[in-house]
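# Commentary on secondary and tertiary structure
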Amino acid sequence: MKVKTRTLSHVVHPKKTYFAVAEKGSFPKIIIYEYPSLKPYRILRDGAEKAYAYVDFNNEGNLLASVGCHPDYTITIWGWKEEQPILRTKAFSQDVFKVTFNPDNDEQLTTSGSGHIKFWEMAFTFTGLKLQGSLGRFGKTSTSDIEGYAELPDGKVLSGSEWGNLLLWEGSLIKVELCRTGMKSCHSGSINQIMLDEGEVITAGSDGSVRIWDFETIDTADVIDDTGLLEIEPINELHIDKSVNLFSMIKMNEVGNNFWLAQDANGAIWKLDLSFSNITQDPECLFSFHSGPIAALAVSPLTYLMATTAMDCSVRVYDFSSKNPLVHMKFKQGGTSLIWAPRSVSVSASQIVVGFQDGVVRVLELFDPKGLTVYAGRKKIPDAELHLKYVFKPHTDEVTALAYERDGDILATGSEDKTVFFFDVEKEYKPIGFFNTPGPICQLMWSPASHPEKTLLIICENGYILESLCPTIKDVDDQNVITFAIPNVFLRCFHFTSVKSKILRFLEVQRREQQKMLKEKEKLERRMKLAEEREAFGEEEIPEEETSEEGEEEEPPLPEIFMPPTPSPILCGFYSEPGKFWVSLGNYDAGFLYHCQFPSYLHNSDFQKQENEPFDFRVLENTEDNPIRNITFSNDQTMMFCGMTNGAIRVYVLSENDPFLVSLQHYWHFNVHDNNYGSIKSITSSFDDQYLLTAGEDGNIFVFDIFSEFIVPKGIKAKVPSPRFGIESEAAPEDIEDPKAYSIENARKKREHDKLMKKVEELKAHKREQIKILRNEFWKLLELNKELPAHMQFQRTDFNIDAKIHAEIHKKTSLKIEQVEKELAWEKQKHELGLKKLQDRFREPLESDTIVVYATQSDHQIASYRLVKPSKYSKLKRPSQSERRQSKMERLEKEGPGKKESQRDTGGSISLQEESVLEKGKKFRPRTLSEIMVENQIEKTKKLIQQAERAQFKILQRKKEWEELYKSKPDDDYEDPKDVQAIKEAQTYMGDFNLKTAPDYKIPEHMRINAAKKEEELGYLDTMAHGKKRYMNKCILSLRDLKLAVIEEIQCLVQELKNIQSSIPASKHMPIPQVPQIYPEEVPERRFQYDEETLLRFQRKQKKRQDKSSSKQSGTGSGGSAGGGLVGFLKLSSGKEGDLTTRDSLSRSSKASALLELPKPVEFEKAEPSDAELEIMKRDEVKHLYMQQFLCNRINELTVTFDAELHLLRHQKLKLDTKMKLSDLHHLTLFQEMLLLKNFEKQENILQERVNSLDKEEQDMQWKINETLKEMEEKKNEITKLQDQEKALYAGFQAALGENNKFANFLMKVLKKKIKRAKKKEVEGDADEDEESEESSEEESSLESDEDASGSEDDVFDDSICPTNCDVSLFELALQLREKRLDIEEALVEEKKIVDNLKKEYDTISKKVKVVATNLNAAEEALEAYQREKQQRLNELLVVIPLKLHQIEYMEFGEVPEDLSGTLVFSNHSLDRLQERIVQLQEENAKQQKLNKECRERRKLLIREKREMAKTISKMEETVRELMISKFGRVIDLEALQTLSVNTTLEELKIKKLRKELSNAKELRMWEEKIAQVRWDLMMKTKEHTKKLHQMNDLCLEKKKLDSRLNTLQNQQGNAFQGLRKADIVAKQKVTELVQTQLEKITALKEEIELLRKKGGLLLPPITPKPKNEMKPMDT
């Protein structure tokens, strides 16, 4: 076998002279080789960082495209002959699977990958040639990974998808998605390759199918609906196998054949014949191999054979010397480990032991079938065959290690379930036992022959290494073994502790010591050299510069001791000496081989607390990130082969007898397997050390020549072992295919558990039998107790020995019941949910089940209808979308008045309530005179207003009546529209009955049907049929109830008849009528009624079924225990109820026995009956015979009556059945019509919506036209009014001038003169308004200029100065009227402008209305055509109508014709109506002629009366005019006179004035009262002040006297007391101030009195500070 290079992609040159190989690694290369010399021709560099995903040549072969993998994803276009890249860019941000040139255009490329497809084009830009990419947009389609695609000649691209449909791309968009008929995908899975071959499209998918499609169909495919899918069917297809996953295909160059080679991703190469002819060959598998990682490899100890296994569930055997696969065998589970049995086990080396992922171990036997007599005479005999010899399951998880003891006596197996199992090989792999390990096992290795003891080295992944002694083989009966666990197993354990950081520290210390030694040696040599130089120069002392030593540099700190948080996994190991071993670890501890030693044997020790360190190590170069995964040695132990994690192999050459690996230094290194996912799983050498074999996780197997190819003999072929004698007749053991099957230990535990449960059940059964015997004895004692007299009987309470025991028993029983209920709660809930689902699915939709009632004396029967609940159509009533919807205006018109009136009503009621409340409030106080006056005035005004309003209303009503009368007056050429329409219809349809099948049939509006109406019709039919069926079911149910009542009565009558017959002789007995029976079909509801006996019966049936199934295959232990518990529970409950029932039955039987066992009367001797007794007996016998006859007749009458009722109801039901069949046929027709209408509904709704929208648009425009016309009419009226005002202005001015005024012309010119006035602009004017004003001013200026020009013939006059002798008032009047005239003219211009704009708007809208009306007519015609098409499709539906022969009137030669397609189904009633209608039409015609004659006479009479009335009206008008002139002096407007009413504003002001006067009078009265009060206070104050003045006058007089006396005294006594005293001066001042204050108050009060007398406002007096005592009177 050749060594596989690390390549990822390759491509062949179009001329087949070169091929390119893209490498994988760091900055890989693309190497172009010459063919067939295989010499490198060109090397392309720097195209990717890690690997290439795909390479491709263009059609001419001068360009090469490559795309890289993660992380760069670079697409490069190479000029490969020059070894230079032409273009380069990043393809995408995710994985890119493929890049190809367009076969028809080298400037276009396509790439696809994870979730994308991209289209590239080489285009020239202003910066040069560029590679421009356009990413495909999936749009509505889900994003998909695209594996396969193909470029079509016209530039479109056809790609696959993950879900198996084909996507047709055009211009970076999905044009259409292709699928198969019925929305099936083109492939059941992803499409991996698409090819174009001879006008056909070939697709290969992961479903193992190859399908051929028509190229033209795909190339011209297009979308037909909104789904974006197009259904097509393949021309041919070839399905290889279900387990095949086609990844790529290539056509073989064989002339005349259409053979293809296909690669199967599941490990095969197929040869396919795609000719699809009569001689097409079946798919042929050329090669098969493992798919996915190879788990294990082993070589034969005798010949050049190797065996492999993998997770693809296969075991394969190869002859690696001749490079031929020999045989393979498939299983249900993947293989995980494999070992070839040594020759000590099988002398011919024919046994292979394989471990699988479900814990099963199989022993396979290899032999050459050519040695068997069975194959004699066969043409094609295989080279080898595998035979299953032994199979057993020791583990519950995957088997990871297998190892034979060195003598071949014992096989050890290790697993992920942390167990090691031993088997006795000689006794057909009989299990010896097992023990548990602290971790999952990765390797087992027995000690070599050089070791004194047989020990097993067990390596666990989590850092534990165990050593176990070889177990002793004991001859023990297998039936007596309870468990296979080995007791008291002696183990030595080594728990690896990381020492890598210590080793690195130790190596660093050694390195530093060596550096120090080198420095010391250099210093010593330097000193010796200096000493020699000193001796040569004769110097005595060494200069300081030479003797000085350099300062020592500071050393960096040593590496710290580090312990990884997660222990490093152990990858492999091997023995060195007894008790010592080497191991290789991964993760942090990689890079070394560690030499370890076991501690002493430990028994039941805790391995978790144990920590051990290796005592030696070996450094492995370049293995810190690439640890050794597997190690094996040559037979002479001189070569150590190592398999690395990155897929490389190393070969170390060792010295002889070097277990400590002292010579482990130099090695050979080969990179073989994939460096990313090609870790070596197995490495081993052949039995003679000539070959080295490796198997990796990349699925590759490599075989190397260890010696030179000149030494190895050529043409060696392995020898397959010969078959054993009798192997062809030996039966293969039963294989273990169920992954949930019990392991050996679990099966043993299960067996012991079953034994224990069996013993327990037997013990329970024995106890139950004892309890049953005791219970029977107890019941007997109870019966004996009941037979005793009452006073001697024991009561039930006397049997209770201890009440506590019963209470405890009941408590335990209830606890057990609760426990069982809890255990069965999940099952109960599960079954309840299941029952509910069944009921919801089958019983809930059912309204009534079928009830069959049988007759009693015949075979007649009647069955009810099995009635389900009403269908959705009877409940559903959705609105019809195709009906014309009312516009918003129409809805408002319909709903508005009602709502407004209701609002008015509610508002009125609210206002009335408020008024009533106010009135009630007012009633509580008396009204004043002013209020009465105001109310009278208001009432008077209201009456006047109401009187005027009534008169005005009468006038308006009269006008309205006249208008309506004139409107209703027809024109002279008026014709009634109904008559016109009737004439038109008569002319159109008279004598022509259009059928629905006619091509010009117009469907009337009321007869148009849609899906909604049809659903309503269908629902009505279902409801009607359902109601009739329900009524019939009620009748049948009543009949069933009648039968039950009849049976019950007959049973009573039969019992009575039996009693009667017991007293008459047997010879006179009449036969007892048979009691009718009730059949199960008559009471179907009893099927769902059950009791405990029914449940127990069902339980027994289930148990029998389980017993039958368990006899075939064993069930789980837990399920068995649960089932037993359920049975026990049911038995206990049934026992209780059985006790109760037996107790009741015993009590009833005891009562019956008591009745029967009455004390027998004393027997006397029989005496002859007397005559009286004989007479009595005869009378009784006659009576009994009569009663017997009566009862028999009654029973017969009941049965006959019931049968008659059944016959009558059966006859009615038969009629109803006929109607229901017709209803079903009609239902079918309606349903077909509904489906058809639903298909038409979408387009019909679109057309109807268009008609509605156009109709609404036309109505809106018509409304706008009406509004415009109305506004134009209003503006015209305003213009007329303005013109009248202008005429009146001129007339008034002419009257003011008078006659013979010499300044009349001048003043008229002043009045008519055109002047420019400043335009009045609004404050908030827009720019548009300004422009309009400018335009209007320009127009006015032009008009003025024209008028000025017209008046230029006169002299220019100055209108600013009034001429002499002219009346100034007339001149000023002319100027004022001129301003008014100008205002009128401006208003006229504006109104005319508005009228012109309205005319333009009217013309525009009229044109739009015509366009809309045309579109509306077209839309209505399209809708009508669609309705006609729908009617035609409805006419095509077949309708079933049952007819009898006498109903067929269409005959040909007296026979019914075969073809009745030209006939009509018509009812006799309708035909009679048509014939009667002919007579009616004749009578109507005569009546119409007579009526026409009468109408003509009437018309002449009306014309004559009209003339006379016109003359009368003219006479009355003349009379009225004369009366007006005589009474009023002129003709007046009577309507204006009648509607003349009061001036409401004036009346309101009068009422307001009256109210104000009344309020002022009231206020005046109030102020008068206040003035009177103030006057009274003033008078009182004045009196008080007068009194005080009198007192002051008296005091002054007295003072004067005292002064005079004092003066006299002073004069007499001297000048001692001359002048006034201080106290007198102060008193005087106070009195003066008081007087002054009072004067001011008096003055203020007088002024206030004067003011209050007036009717003006009130002026407040000045605020002056007043004493508190002065304010009190005012307050009072």
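Here the residue numbers are simple positions, counted from 1 along each chain's written sequence. Under the rules for a predicted model, residues below a pLDDT of 70 receive no local features and side-chain atom pairs below 80 are neither given nor counted, while totals for whole chains, interfaces and linings still include all residues. Excluded from the side-chain calculations are hydrogens and water; all other atoms, namely the structure's heavy atoms, are used.

### Describing the overall build of the chain
Numbering of helices and strands starts at the N terminus; helices are DSSP runs of H or I of at least 4 residues and strands are runs of E of at least 2. Regarding its fold elements, the chain presents 22 helices and 56 strands. Surface exposure of the chain reaches about 111000 Å², of which carbon and sulfur atoms provide 54%. Areas reported as accessible are Shrake-Rupley estimates using a 1.4 Å probe. Residue values count occlusion only from the protein chains shown.

### Re the packing of aromatic side chains
Two aromatic rings, taken as a pair, are described by how far apart their centres are and by the angle between their planes. Two aromatic rings from Phe, Tyr or Trp, using only the six-membered ring of Trp, form a pair when their centres are within 6.5 Å; if the ring planes differ by under 30 degrees the pair is stacked, by over 60 it is edge-to-face, and anything between is tilted. Taken as a whole and judged by the stated rule, the model has 36 aromatic pairs. Ring centres of F496 and Y594 lie 5.1 Å apart, and the angle between their planes is 65 degrees; on these two criteria the pair is classed as edge-to-face. Note that F496 is positioned in the loop between β41 (491-495) and α2 (500-537) and Y594 in strand β44 (residues 592-597), a separation of 98 residues in sequence. There is no split in this pair, since F496 and Y594 are both buried. Three labels apply to residues, based on accessible area from a 1.4 Å probe with only protein chains included: buried if under 20% of the type maximum, exposed if over 50%, partly exposed otherwise in between.

### Some remarks on the packing of helix α11 (residues 1011-1061) against helix α14 (residues 1171-1297)
Packing of α11 against α14 brings their axes to within 9 Å, and their N-to-C directions diverge by 165 degrees. One way to sum up the angle between α11 and α14 is to call them roughly antiparallel. The two elements α11 and α14 meet at a crossing, and its hand is left-handed. Think of it as three bins: nonpolar holds Ala, Val, Leu, Ile, Met, Phe, Trp, Tyr, Cys and Pro, charged holds Asp, Glu, Lys and Arg, and polar takes everything else, Gly as well. Taken together, the residues of the contact of α11 with α14 break down into 29 nonpolar, eight polar and 15 charged. Every angle, taken between N-to-C directions, lies between 0 and 180 degrees, and every axis is a line fitted to C-alpha atoms, over only the stretch in contact when it is a helix. Angles below 35 degrees are treated as roughly parallel, those above 145 as roughly antiparallel, those between 65 and 115 as roughly perpendicular, and all remaining angles as oblique. Handedness of a helix crossing follows the sense of rotation of the near helix relative to the far helix, less than a right angle counterclockwise being left-handed and clockwise being right-handed.

### Focus on the sheet that holds strand β23 (residues 259-264)
If you trace the four strands from one edge of the open sheet to the other, you get β22-β23-β24-β25, paired in antiparallel fashion. On the outer flanks of this sheet lie β22 (246-251) and β25 (284-288), each paired with one strand and no other. Sheet twist, expressed as the average angle between the axes of neighbouring strands with direction ignored, equals 25 degrees. Here, any two strands with at least 2 DSSP bridges between them count as paired. Alignment of β23 against strand β24 (residues 268-273), held across six bridges, turns out to be antiparallel. Note on β24: the bridge partner recorded for A262 is W270.

### Here's the deal with the confidence of the model for the chain
Looking at the chain, pLDDT values average 81 and 84% of them are 70 or higher. Note on residues 877-924: pLDDT under 50 across the span, and 29 contacts to partners over four residues away in sequence or across chains. Looking at any residue, its pLDDT shows the predictor's confidence there, from 0 to 100. Contacts: residue pairs with any heavy atoms within 4.5 Å of one another. In this model residues 1320-1355 is a low-confidence stretch, pLDDT under 50, and it forms 20 contacts with partners more than four residues away in sequence or in other chains.

### Examining the pairing of strand β47 (residues 639-644)
In regular strands, side chains alternate between the two faces of the sheet. Along β47, six of the six residues are buried, which leaves the element largely enclosed by surrounding structure. Bridging between strand β46 (residues 628-633) and β47 involves five bridges; their strand directions are antiparallel. When the bridges of β47 are listed, T632 appears paired with F641. Remark: five residues form the turn of the hairpin made by β46 and β47, two consecutive strands paired antiparallel; Q637 in that turn has positive phi of roughly 60 degrees.

### Examining the side chain of T336
If you trace the backbone, T336 turns up in strand β30 (residues 335-340). For T336, the residues in contact, after removing those within four places along its chain, are A295, A296, T309, M311, G355, F356, Q357, E398 and V399.

### Quick word on a positive patch on the surface
There is a patch of like positive charges on the surface, built from R1496, K1500, R1504, R1507, K1511 and K1515. Mapping K1515 onto the fold places it in helix α18 (residues 1468-1528). For K1515, a relative accessible area of 61% puts it in the exposed group. Like-charged residues within 9 Å of one another, or nonpolar side chains (Val, Leu, Ile, Met, Phe, Trp, Tyr) within 5 Å, are grouped into patches, provided each residue has over 30% relative accessible area and no salt bridge. Take a side-chain nitrogen of Lys or Arg and a carboxyl oxygen of Asp or Glu: if they are within 4 Å of each other, that pair is a salt bridge. Charged-residue counts in this description rest on Lys and Arg as positive and Asp and Glu as negative, His and the chain ends being excluded. Charge positions come from single atoms, namely NZ of Lys, CZ of Arg, CG of Asp or CD of Glu.

### Structural notes on the pattern of salt bridges
Applying the stated criterion across every chain, the model contains 54 salt bridges. Salt-bridge contacts for E730 lead to R724; the nearest nitrogen and oxygen are separated by 3.0 Å. Among the residues examined, E730 registers a relative accessible area of 31% and is labelled partly exposed. On the accessibility criterion, R724 (30% relative accessible area) is partly exposed. In this structure, R1100 and E1093 form a salt bridge, with 3.6 Å as the shortest nitrogen-oxygen distance.

### Topic: unusual backbone geometry
Residue P36 follows Y35 across a cis peptide bond; omega there is 15 degrees. Along the chain, P36 falls in the loop between β3 (30-34) and β4 (40-44). With omega at 15 degrees, the peptide bond leading from H70 into P71 counts as cis. Considering the arrangement of structural elements, one finds P71 in the loop between β6 (64-68) and β7 (74-79). The backbone of Y73 shows a phi angle near 50 degrees, a positive value even though the residue is not glycine. Note that Y73 resides in the loop between β6 and β7. The class for Y73 is buried, based on a relative accessible area of 7%.

### Re the packing of α14 against helix α17 (residues 1368-1435)
Where α14 contacts α17, the two axes come as close as 6 Å, and the packing angle between them is 165 degrees. With respect to α17, the element α14 is oriented roughly antiparallel. With respect to the hand of their crossing, α14 and α17 are arranged in left-handed fashion.

### Points about a negative patch on the surface
Judged by side-chain charge, D971, D972, D973, E975, D976 and D979 come together as a negatively charged surface patch. Mapped onto the elements of the fold, D979 is located in helix α10 (residues 977-989). D979 sits in the partly exposed class, given a relative accessible area of 45%.

### Side note on the environment of E467
Positionally, E467 belongs in strand β40 (residues 464-469). Residue E467 is classed as buried on the basis of its relative accessible area, which comes to 1%. Sequence separation between E467 and L491 is 24 residues; the distance between their C-alpha atoms is 5.6 Å. In terms of polar contacts, E467 uses its side chain to reach the side chain of T455, at 3.3 Å. The definition of a polar contact used here is a pair of N or O atoms within 3.5 Å, where within protein one atom must be able to donate a hydrogen and the other to accept one, and adjacent residues in sequence count solely through side-chain atom pairs. A polar contact of 2.6 Å, which involves the side chain of E467, links it to the side chain of Y575.

### Comments concerning α14
A rise of 1.5 Å per residue sets the reference length of α14, with its 127 residues, at 189 Å; its end C-alpha atoms lie only 161 Å apart and thus fall more than 12% short of the reference. One or two steps after α14, the chain reaches G1298, where phi turns positive at roughly 80 degrees. Here the expected span of a helix is defined as 1.5 Å times the quantity of residues minus one.

### Focus: the sheet that holds β44
Strand order across the open sheet formed by four strands is β42-β43-β44-β45, with antiparallel pairing between neighbours. Lying at the two open borders of the sheet, with one neighbouring strand each, are β42 (570-577) and β45 (616-619). Between one strand axis and the next, the sheet turns by 25 degrees as a mean value, whatever way the strands run. Where strand β43 (residues 580-585) and β44 come together, five bridges link them in antiparallel fashion. Within β44, the residue paired with K580 across the bridge is Q597.

### Concerning the side chain of T623
Mapped onto the elements of the fold, T623 is located in the loop between β45 and β46. Taking relative accessible area as the criterion, T623 reaches 1% and is therefore assigned buried. In contact with T623, other than residues within four places in its own chain, are A590, G591, F592, M644 and R650.

### Describing the environment of E1233
With respect to the secondary-structure elements, E1233 resides in helix α14. C-alpha separation for the pair E1233 and L1437, spaced 204 residues apart in sequence, amounts to 7.6 Å. Those residues in contact with E1233 that lie beyond four places of it in its chain are K1014, L1434 and L1437.

### So, a nonpolar patch on the surface
Taken together, the side chains of L1445, Y1450, M1451, V1456 and L1460 present a nonpolar region at the surface, about 460 Å² in accessible area. Within the secondary structure, L1445 sits in the loop between α17 and α18.

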